[in-house]
Amino acid sequence: MAFTLKINGTPHEVDVDGDIPLLWVLRDVLGVTGTKFGCGQGLCGACTVHVDGQAVRSCQTPVDSVGDSAIITIEAIGQAPQGAALQKAWLELEVVQCGYCQSGQIMSAAALLKDTPKPTDDDIDAAMSGNVCRCGTYQRIRAAIKHAAGV
């Protein structure tokens, strides 16, 4: 089935089954590989993208459910003020260890800062609770979110 997906501001025509997860369309069909495969069950957050500004797990989002929504991936998150601030904070505070989960972490954090510009620790915990970091950089992630938010 043919779909037109608006990814990072650019329309892309894809011919895939409607039930294929958005993650696989991004990675395997379009070559947009910043979004990572983690668990495949929506539990780890590595595959997080924004669909109309909301953080969603692309491994659990069928492509036919996206419609004409705007999809933003880690490749374009720096174009938004929150995303740019987070990327800068991530580098300044040396958040990354292995790095595998970090695109999903930044995508979830950007959605948080868009809705809650000055988050509390509880806000951060709630927004980031579905993102797993096997290296345990949670304290650096929290610090980077606060740094990006200016709190």
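Quick note: structure is the one above.
The structure displayed is predicted, hence computed values, not measured ones.

*Asks:* Any details on the packing of aromatic side chains? Residues and values, ideally.
*Replies:* Across all of its chains, the model carries one aromatic pair by this definition. On the numbers, 5.2 Å between centres and 35° between planes, the contact of Trp24 with Phe37 is tilted. Taken together, the residues Trp24 in helix α1 (residues 22–29) and Phe37 in the loop between α1 and β3 (48–51) connect sequence positions 13 residues apart. Residue Trp24 is classed as partly exposed on the basis of its relative accessible area, which comes to 26%. Phe37 gets classed as partly exposed once you look at its relative accessible area, which sits at 33%.

*Asks:* How would you explain the sheet that holds strand β2 (residues 10–15) if you had to name every residue and give the values?
*Replies:* Ordered in space as β2-β1-β5-β3-β4, the five strands form an open sheet in which the pairing is mixed. Looking along the sheet, the strands with just one partner apiece sit at the ends: β2 and β4 (54–57). Taking each pair of neighbouring strands and ignoring which way they run, the sheet shows an average axis angle of 40°. Alignment of β3 against β4, held across four bridges, turns out to be antiparallel. For Val49, the partnering residue across the bridge sits in β4 and is Val56. Each of β3, β4 and β5 (70–72) is contacted by helix α3 (residues 102–115), which is oriented at about 35° to β3, the strand it contacts most.

*Asks:* Outline the environment of Ser103, supporting the account with residue identities and numerical values.
*Replies:* Counting through the fold element by element, Ser103 comes out in helix α3. Separated by 77 residues in sequence, Ser103 and Leu26 place their C-alpha atoms 14 Å apart. Among residues more than four places away in sequence, those in contact with Ser103 are Gly34, Thr35, Lys36, Ala46 and Ile74. Of note is the side chain of Ser103, whose polar atom sits 2.9 Å from the backbone oxygen of Gly34.

*Asks:* Any chance you could break down the side chain of Gln102 for me, citing the residues and the numbers?
*Replies:* When you line up the elements, Gln102 lands in helix α3. Side-chain polar atoms of Gln102 contact the side chain of Trp90, separated by 2.5 Å. In contact with Gln102, not counting residues within four places along its chain, are Trp90, Val95, Val96, Cys133, Thr137 and Ile141.

Cut-offs and rules
- For every chain, the first residue of the written sequence is number 1, and numbering continues from 1 along that sequence.
- Residue-level local features of this predicted model are given only where pLDDT is at least 70; pairs of side-chain atoms are given and counted only at 80 or more, and the full residue set underlies all totals for whole chains, interfaces and linings.
- For side-chain calculations, the full set of non-hydrogen atoms in the structure is used, while hydrogens and water are omitted.
- Stacked, tilted and edge-to-face are the three classes assigned to paired rings of Phe, Tyr and Trp, where Trp is represented by its six-membered ring and a pair needs centres within 6.5 Å; plane angles under 30 degrees give stacked, over 60 edge-to-face, the rest tilted.
- Working definition: helices are DSSP H or I runs of at least four residues, strands are E runs of at least two. Numbering for both runs from the N terminus.
- Burial status follows relative accessibility: with a 1.4 Å probe on protein chains alone, a residue under 20% of its type maximum counts as buried, one over 50% as exposed, and anything between as partly exposed.
- What makes two strands pair is DSSP finding at least two bridges between them.
- With axes taken as lines fitted to C-alpha atoms, and helix axes fitted only over the stretch in contact, angles between N-to-C directions fall between 0 and 180 degrees.
- Contact criterion: two residues are considered in contact whenever any of their non-hydrogen atoms come within 4.5 Å of each other.
- For this analysis, a polar contact is any N or O atom pair within 3.5 Å, provided that within protein one partner can donate a hydrogen and the other can accept it, and provided that sequence-adjacent residues contribute only side-chain to side-chain pairs.

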